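# Working through the structure, step by step
Here is what each chain is made of, one letter per residue.
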Amino acid sequence: MEQELAMLRQLIAQLQDLLNFYGSPPPPPLRHLNNHHLLLPHNDRCCVLNMEDGSADDYCGLLMAAEKPETFTVLEPTKPPPAKKLRKERSTRGKFPCPTSTTEAMEAEIWKDFPEDLFQPVIARLPVPTFFQFRSVCKKWNSLLHSESFYHHSTRAPQPDPWFYTITHENANSGAMYDPSSKKWYHHPTVSSLPDKAIVLPVASAGGLVCFLDIGHRNFYVCNPLTGSVRELPARSVKVWSRVAVGMTFNRNAYKILWVGCDGEYEVYDSISNSWTRPGSMPASIKLPLSLNFRSQVVSVENTLYFMRSDPEGIVSYDVASGMWSQFEIPAPLHLNDQALAECSGRIMLVGLLTKNAATCVCIWELQRMTMLWKEVDRMPNLWCLEFYGKHVRMTCLGNKKGLLMLSLRSRQMNRLVTYDVASGEWDKVPSCLVPSGGRKKQWIACGTAFQPSPTAVA
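All of these numbers come straight from a predicted model, not from anything done at the bench. (Residues numbered from 1 in each chain as written. Predicted model: local features only at pLDDT ≥ 70, side-chain atom pairs only at ≥ 80, totals over all residues. Heavy atoms only, no water.)

### A closer look at the sheet that holds strand E22 (residues 373-379)
Spatially, the four strands line up as an open sheet ordered E19-E20-E21-E22, and their pairing is antiparallel. If you trace the sheet from one side to the other, it starts and ends with strand E19 (336-344) and E22, each paired once. Between one strand axis and the next, the sheet turns through 30° on average, direction left out of account. In this sheet, E22 lies alongside strand E21 (residues 359-368) in antiparallel orientation, the contact comprising six bridges. Of the residues in E22, the one forming a bridge with Leu 367 is Trp 374. (Pairing = 2+ DSSP bridges. Helix = DSSP H or I, 4+ residues; strand = E, 2+ residues; numbered from the N terminus. Axes fitted to C-alpha atoms, helices over the stretch in contact; angles between N-to-C directions.)

The following block contains the structure:
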């Protein structure tokens with residue numbers, strides 16, 4: 001009789017948790033309930049979820065992945081709950097309970113038969129660094145990158161925050177990646193299949209892939225910095241040795257790359273056909289030479305690429321889908337230096353140094369579609385700007401993606417890296433990038449670009 005009452009209490013407690021989980025009013029609280037478990041059936045197999053040892057977010061992925069999340073059965077308890085807690089147990093209330101040997105043996109049996117089809121949706125939701133640690137567990141997990149089902153789960157999982165791929169002055173043949181979520185740097189060779197002593201710089205990104213340009217041989221490469229998947233693009237039909245601006249778009253597992261020179265020459269690369277094409281000549285309405293601002297990276301909004309120009313001041317855009325060029329004359333704000341374009345949720349933004357007399361500050365503007373003028377929306381905290389007073393500061397935008405920017409602010413006496421979130425308006429200081437061989441020597445960041453980390457993106 002006592003065991004039946006214990007099972008009844010456990011059933012009611014589980015129903016209470018389910019009601020709380022789905023937002024329904026909970027029933028009156030029960031006392032003296034044992035740690036309860038849920039048995040999740042799937043394909044004639046089962047796994048136990050202990051609803052007291054984690055948060056609701058930990059189980060959300062499992063519940064959504066099951067075919068019938070509403071079907072649960074109660075795991076029969078091994079023994080009824082005690083009627084009264086011991087003094088030792090009362091003194092350790094609120095602390096993580098130490099499992100007994102019986103519990104450990106039971107959990108090992110359960111997790112040994114964990115449904116394999118649930119591994120992929122769970123692993124797809126892991127943080128990027130943790131995912132690559134799990135790849136070393138076994139060959140089967142390492143092969144997930146090439147699985148179509150895992151790619152499907154990855155596309156449905158919440159996308160992580162953008163990362164930044166940078167090149168340092170000390171070693172142009174190796175890259176350093178920064179994860180803003182964990183505030184950590186990761187070092188690795190740039191592209192392993194490149195010729196020796198080649199200097200490649202990241203110039204654009206889309207869909208988890210980074211586009212590199214070999215400044216010596218003028219060749220393009222596309223690479224996934226996380227997996228090492230790389231493709232060398234075919235030679236361009238037009239030999240342009242002057243500087244070019246590069247933009248990249250991604251749509252349905254295919255990407256396009258556009259390069260354009262100041263003289264109006266341009267080509268478009270299509271990953272499906274693996275070839276460069278010249279869609280046409282620059283329209284007469286576009287003033288040549290373009291006087292492109294190479295300090296500003298190209299901004300991508302869906303299928304449209306935006307380039308900043310200085311004469312006349314404004315923006316030149318190219319629609320990759322329609323092949324149409326457009327030009328917008330937009331006067332720059334007064335006392336502006338080192339400006340660069342940015343993007344946030346389809347809005348065109350501008351970031352730059354506002355210098356007047358001896359005072360310098362980083363400001364953010366947004367392009368007003370109706371008036372085609374820049375409107376200031378935010379600026380760096382005054383306390384941070386005091387550090388720039390009286391110094392000749394230069395700013396470089398090291399990339400932006402989804403409204404997250406990384407800025408390099410440097411002078412003879414200073415070298416600072418900061419990030420800015422357009423959506424939240426938060427400024428954050430970036431820890432120094434140290435030499436990977438050890439020690440406390442700091443590396444100077446030369447250039448970079450933001451990219452969306454994706455373990456499944458293939459060049």
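Let's pick the thread back up.
### Examining the confidence of the model for the chain
Across the chain, the average pLDDT comes to 75, with 71% of residues at 70 or higher. Confidence, expressed as mean pLDDT per element, reaches its minimum in the chain at strand E3 (residues 73-74) with 28 and its maximum at E22 with 95. Note that residues 21-104 has pLDDT below 50 and, in this model, 112 contacts with residues that lie over four places away or in other chains. (pLDDT = per-residue confidence, 0-100. Contact = heavy atoms within 4.5 Å.)

### Some remarks on the pattern of salt bridges
In the structure shown here, the tally under the stated rule is eight salt bridges. Here Arg 295 ties to Asp 338 by a salt bridge, and the two come within 3.6 Å at their closest N and O atoms. Placement of Arg 295 in the loop between strand E14 (275-277) and strand E15 (299-301) and of Asp 338 in strand E19 is noted, with a sequence separation of 43 residues between them. When its relative accessible area of 35% is taken as the criterion, Arg 295 is described as partly exposed. Classification of Asp 338 as buried rests on a relative accessible area of 11%. Residue Glu 376 is joined to Arg 379 by a salt bridge in which the shortest nitrogen-to-oxygen separation is 2.8 Å. Under the relative-accessibility criterion, Arg 379 is labelled partly exposed at 35%. Connected through salt bridges with shared partners, the residues Arg 295, Asp 338 and Arg 394 form a single ionic network. (Salt bridge = Lys/Arg side-chain N within 4 Å of Asp/Glu carboxyl O. Buried < 20%, exposed > 50% of the residue type's maximum accessible area, 1.4 Å probe, protein only.)

### So, the nonpolar core
Val 351, Val 362, Met 380, Leu 407 and Leu 409 are the most contacted members of the largest nonpolar core, which totals 23 residues. Mapped by element, the contributors of at least two residues to this core are E19, strand E20 (347-356), E21, strand E23 (394-401), strand E24 (404-410) and strand E25 (415-421). Not counting residues within four places of it along the chain, the set of residues in contact with Met 380 comprises Cys 361, Val 362, Cys 385, Phe 388, Leu 409, Val 418 and Trp 427. In this structure, Phe 220, Val 240, Trp 276 and Ala 457 belong to the second largest nonpolar core, which totals 20 residues. (Core = buried A, V, L, I, M, F, W, Y, C linked by side-chain atoms within 4.5 Å.)

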